[in-house]
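In case you want the letters, here they are:
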Amino acid sequence: MTETNKETVQNMTATGLRHHGAGDVEAARDAYLKVLELDPRNDHVLDLAGLLCLECGEVEAARDLFDAALEIQPENARYLSHVGTLLLKQGQASEAEEKLRRAIEIDDEYPDAQFFLGLVLRALGRRKEAIAAVEAALEIEPKNVLYATWRGTLAWETGDFGGALEFLENSLQMDQTNLDAMSLLGSVLIDLDDLTMAERCFRTGLEIVPGDPGLRGKLGDVLVRQGRHKEAKEVFVAALETTQEDPELWARFAVHLGSVGDAAAAADAAKRAIELDGNAINVNLSLLDLHNRTGDSASAQSIRTKLRDLDTDDARVLAAIG
């Protein structure tokens with residue numbers, strides 16, 4: 001490669017990274033492709049292009065690019081970690097665990113490998129091990145907002161409400177606009193029966209992203225729990241005008257409809273939630289709430305059985321199935 005081409009590769013890589021970081025997918029893609037035209041075995045840019053494809057949902061293209069990078073550097077922990085992340089997205093958790101553990105063997109100080117191993121272990125129903133993996137990532141990067149948020153999630157899912165509050169509040173101290181932490185904190189507060197503070201969390205989130213349907217659905221849920229059904233209806237209707245494809249939103253709307261005695265509409269909303277994602281834990285927990293509220297003991301028992309089959313490593317599920 002000529003010195004001119006080397007300089008072009010360096011400049012275009014920097015340009016691609018800049019556009020990638022700014023979310024300009026087309027410009028980043030063009031820059032990476034230009035680099036690969038000049039230097040087809042540039043493993044760093046092959047990996048970056050793979051990440052871009054993965055973020056855009058182009059999973060097969062991402063795997064091809066990661067594999068090409070690994071062919072050049074088979075012992076690169078970063079590239080192995082990215083393949084593990086891709087396998088997790090494809091629902092191949094066991095295969096993902098293998099790749100991520102290999103990445104950690106190569107470099108146990110690479111935090112993303114530890115973190116994504118935690119997510120894989122969670123998907124496999126091994127939350128105690130998942131906590132240890134995420135904590136290992138946090139030891140390396142204690143100020144990582146994403147790691148702290150997920151550590152709070154795992155605490156919540158294992159019934160450690162104090163830990164959940166600690167990690168989620170810490171995450172929000174690092175980033176006051178962290179909607180995931182804000183939403184999760186509200187959910188923890190609901191479980192602690194602090195509905196006033198939960199409502200405040202969801203409303204604060206909606207000040208940042210006014211049209212977020214997930215936050216609207218959770219706000220509607222907390223209003224239903226307070227018996228404020230007229231306000232809840234307005235919130236749900238506004239959320240459903242934004243999207244019809246959120247299963248948790250439909251499940252929470254079903255709870256509202258059942259609470260106000262509209263059994264037929266509640267059944268339709270529940271059916272829609274199941275059609276969209278009948279295996280989601282939060283969907284089934286909401287539907288269990290619906291059946292408990294309406295006194296449908298047979299349907300409630302059916303949901304408990306399904307939850308038992310889906311995940312008995314989640315403390316919320318264990319509490320629900322008794």
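Residues numbered from 1 in each chain as written. Predicted model: local features only at pLDDT ≥ 70, side-chain atom pairs only at ≥ 80, totals over all residues. Heavy atoms only, no water.

**Some words on the overall build of the chain**
Link 1 in the chain: Of regular secondary structure, the chain possesses 19 helices and 0 strands.
Link 2 in the chain: Principal-axis analysis of the C-alpha atoms places the extent of the chain at approximately 75 × 35 × 35 Å.
Link 3 in the chain: For the chain, with 322 residues in total, the buried portion stands at 48%.
Link 4 in the chain: On the chain, roughly 15400 Å² of surface is accessible, and the fraction owed to carbon and sulfur atoms is 48%. (Helix = DSSP H or I, 4+ residues; strand = E, 2+ residues; numbered from the N terminus. Buried < 20%, exposed > 50% of the residue type's maximum accessible area, 1.4 Å probe, protein only. Areas by Shrake-Rupley, 256 points an atom, 1.4 Å probe, with all protein chains shown as cover.)

**Observations regarding unusual backbone geometry**
Link 1 in the chain: Despite not being glycine, Asp-193 has its phi angle at roughly 65 degrees, a positive value.
Link 2 in the chain: Considering the arrangement of structural elements, one finds Asp-193 in the loop between helix 11 (179-191) and helix 12 (195-208).

**Things to note about the side chain of Glu-199**
Link 1 in the chain: Tracing the sequence through the fold places Glu-199 in helix 12.
Link 2 in the chain: Among the residues examined, Glu-199 registers a relative accessible area of 12% and is labelled buried.
Link 3 in the chain: Contacts of Glu-199, omitting those with residues within four sequence positions, involve Leu-219, Val-222, Leu-223, Gln-226 and Arg-228. (Contact = heavy atoms within 4.5 Å.)

**Thoughts on the environment of Leu-195**
Link 1 in the chain: You can see Leu-195 is positioned in helix 12.
Link 2 in the chain: When its relative accessible area of 15% is taken as the criterion, Leu-195 is described as buried.
Link 3 in the chain: Placed 30 residues apart in sequence, Leu-195 and Arg-225 show a C-alpha to C-alpha distance of 7.9 Å.

**Some points on the environment of Ala-265**
Link 1 in the chain: Considering the arrangement of structural elements, one finds Ala-265 in helix 16 (residues 263-277).
Link 2 in the chain: The class for Ala-265 is partly exposed, based on a relative accessible area of 24%.

**So, the packing of aromatic side chains**
Link 1 in the chain: Within this structure, the stated rule accounts for 4 aromatic pairs.
Link 2 in the chain: Where Phe-236 meets Phe-253, the ring centres are 5.5 Å apart and the plane angle is 45 degrees; that geometry is what we call tilted. Taken together, the residues span a long stretch of sequence, with Phe-236 in helix 14 (residues 229-242) and Phe-253 in helix 15 (residues 247-259) at a distance of 17 residues.
Link 3 in the chain: Here a set of aromatic residues connected by ring pairs shows up, and it is made of Phe-115, Phe-116 and Tyr-147.
Link 4 in the chain: Over the ring of Trp-156 we find Arg-316, and its NZ or CZ is 4.3 Å from the ring centre. (Phe/Tyr/Trp six-rings, centres within 6.5 Å; stacked < 30°, edge-to-face > 60°. Lys NZ or Arg CZ within 6 Å of the ring centre and 35° of its normal.)

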